[in-house]
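Observations on the three-dimensional arrangement
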Amino acid sequence: MKIAFYGTKPYDRLWFEPLAKEYGYRIFFIENLLNEDTVVMAKNCDAVCVFVNDQVTKPIIEKLHDLRVKAILLRSAGYNHVDMKAARGKIHVLRVPSYSPEAVAEFATAALLSVNRRLHRAYVRTREFNMKLDGLMGTDLHGKTAGVIGTGRIGQAMIRILRGMGMEILAYDLYPNPDLDVKYVDLADLMAGSDVITLHCPLTKETHHIINKKTIAQMKKGVYLVNTSRGALVDSQALIEALKQNETFLGVALDVYEEEDGIFYEDCSDDIVRDDVLARLMSFPNVLITSHQGYFTKEAMKAIALVTLENAKMLEEGMELINEVK
Ligand code: NAI
């Protein structure tokens, strides 16, 4: 099996290289993302391996098909970046459905706590020996209500953690889980009843901009919003307008951003920032932005590498493709 591995970072090699040897697979590590210029590098490969910011559009899929590439191995659970219609009947799309829901839920909690207790500001201040507390006041979360949107693997892990902190839970899911001991409400009630809103649903047509001008208007004054799911769940422009009013949000933690491609996972510190929306979001003292790192733990990386190569093996051996995106 020969695999063209796009968007390689040093930490990918760390987990994939030794494991590929065990499987007897040849991996060509490519630093560039998959796009119309780099797709030719998959020539003579059986599969390509991609992450969340690679372009897996119709023209790219057609080109991969022409190159006789048999599968797209996603190093992610989400597949909103893949044109599934274009892939149907041409190429297998295999994902890692679950690697460590706890990794993302723990990160979402860390981001919530940081933005609530202003740790991101305190860290910078104390390094300059500014020990004043003005502007750092937080809110007790114990006894407050968290609204969890999406009660799948990560949403459930988040519910367990938030309950451990003494929070009440409201949940919203298009497909409520009857086995889950949680109070499901409709979206408007979740918005109106929550002190913390945390997003754990996939990005689909229905969830695109689920946080928008209308839903923001339904929220309590003084709410925390956490998005560790996908950037386009939040209408960034509507969020900025609300942040400028300085009434609705006490804090916002964003691990994902709708225009993150080409910025997140890269060092742009020497570049001129051309994304005015991102720059404006960064300017708010109560907004914490991280670079899509919710998944990034040793355990999750190990599981991603293992499941990805297991997916390749199932394909090679003609076994049932249990992780195929249908
Ligand atoms: P999952 O598939 O276990 O759960 C998703 C839940 O969302 C399901 O219960 C589903 O019914 C629900 N859902 C689907 N459509 C909905 C809608 N229109 N409205 C409300 N709920 C809806 O997925 P999992 O593993 O919990 O992951 C959730 C998301 O987290 C992924 O789709 C991905 O976007 C994101 N993610 C982010 C990571 C990061 O590093 N920041 C890492 C891994 C996943």
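Note that the coordinates shown come from a computational prediction; the quantities given were computed from them, not determined experimentally. (Residues numbered from 1 in each chain as written. Predicted model: local features only at pLDDT ≥ 70, side-chain atom pairs only at ≥ 80, totals over all residues. Heavy atoms only, no water.)

**Observations regarding the site of the ligand**
Neighbouring residues of the ligand: 23 residues in total, closest Arg153, Ile154, Asp173, Thr228 and Tyr295. With respect to the ligand, the backbone of glycine 152 contributes an N or O atom lying 3.3 Å from an oxygen atom. Between the ligand and the protein, one listed contact pairs an oxygen atom with a side-chain N or O atom of aspartate 173 at 2.6 Å. About the coverage of the ligand: the protein hides 88% of its 860 Å² of free accessible area. Applying the majority rule of atoms within 2 Å of the grid points places the ligand in the largest pocket. Each residue belonging to the shell around the ligand can be placed in one class, and the counts come to nine nonpolar, nine polar and five charged. (Near = heavy atom within 4 Å. Polar contact = N/O pair within 3.5 Å; in protein donor to acceptor, adjacent residues only side chain to side chain. Areas by Shrake-Rupley, 256 points an atom, 1.4 Å probe, with all protein chains shown as cover. 1 Å grid on protein atoms, 1.4 Å probe; cavity = no way out; pocket = protein on both sides within 12 Å on 5 of 7 lines; lining within 4 Å. Sits in = over half its atoms within 2 Å of the grid points. Nonpolar A, V, L, I, M, F, W, Y, C, P; charged D, E, K, R; others polar.)

**Regarding the packing of aromatic side chains**
Considering all chains together, one arrives at eight aromatic pairs under this definition. A ring pair is formed by tyrosine 11 and phenylalanine 296, whose centres lie 4.6 Å apart and whose planes are at 65°; its orientation type is edge-to-face. Of this pair, tyrosine 11 sits in helix H1 (residues 10-23) while phenylalanine 296 sits in the loop between strand S12 (287-289) and helix H11 (298-316), placing them 285 residues apart in sequence. Given the relative accessible area of 38%, phenylalanine 296 is considered partly exposed. Among the aromatic side chains, those forming a connected cluster through ring pairs are Tyr11, Phe51, Tyr265, Tyr295 and Phe296. (Phe/Tyr/Trp six-rings, centres within 6.5 Å; stacked < 30°, edge-to-face > 60°. Helix = DSSP H or I, 4+ residues; strand = E, 2+ residues; numbered from the N terminus. Buried < 20%, exposed > 50% of the residue type's maximum accessible area, 1.4 Å probe, protein only.)

**Quick notes on unusual backbone geometry**
Positive phi, normally seen in glycine, also occurs at arginine 118, with a value near 60°. Examined against the element boundaries, arginine 118 turns out to sit in the loop between helix H4 (101-117) and helix H5 (119-127). Residue classification places arginine 118 among the buried positions, given a relative accessible area of 11%. Even without being glycine, histidine 209 reaches a positive phi, approximately 55°. Residue placement: histidine 209 occurs in the loop between strand S9 (196-199) and helix H8 (213-218).

**A few points about the state of the cysteines**
Under the criterion given, the structure shown has zero disulfides. Left unpaired, cysteine 45 is separated from the closest cysteine sulfur, that of cysteine 49, by 11 Å. (Disulfide = S-S within 2.5 Å.)

**Some details on the pattern of salt bridges**
A complete count under the given rule lists six salt bridges for this structure. The residue arginine 13 makes a salt bridge to glutamate 17 at a minimum N-O spacing of 3.0 Å. Taken together, the positions of arginine 13 and glutamate 17, both in helix H1 and four residues apart, correspond to about one turn of that helix. Here glutamate 241 and lysine 244 are joined by a salt bridge, their closest N and O atoms 3.7 Å apart. Taken together, the positions of glutamate 241 and lysine 244, both in helix H9 (residues 236-245) and three residues apart, correspond to about one turn of that helix. Given a relative accessible area of 45%, lysine 244 falls into the partly exposed group. (Salt bridge = Lys/Arg side-chain N within 4 Å of Asp/Glu carboxyl O.)

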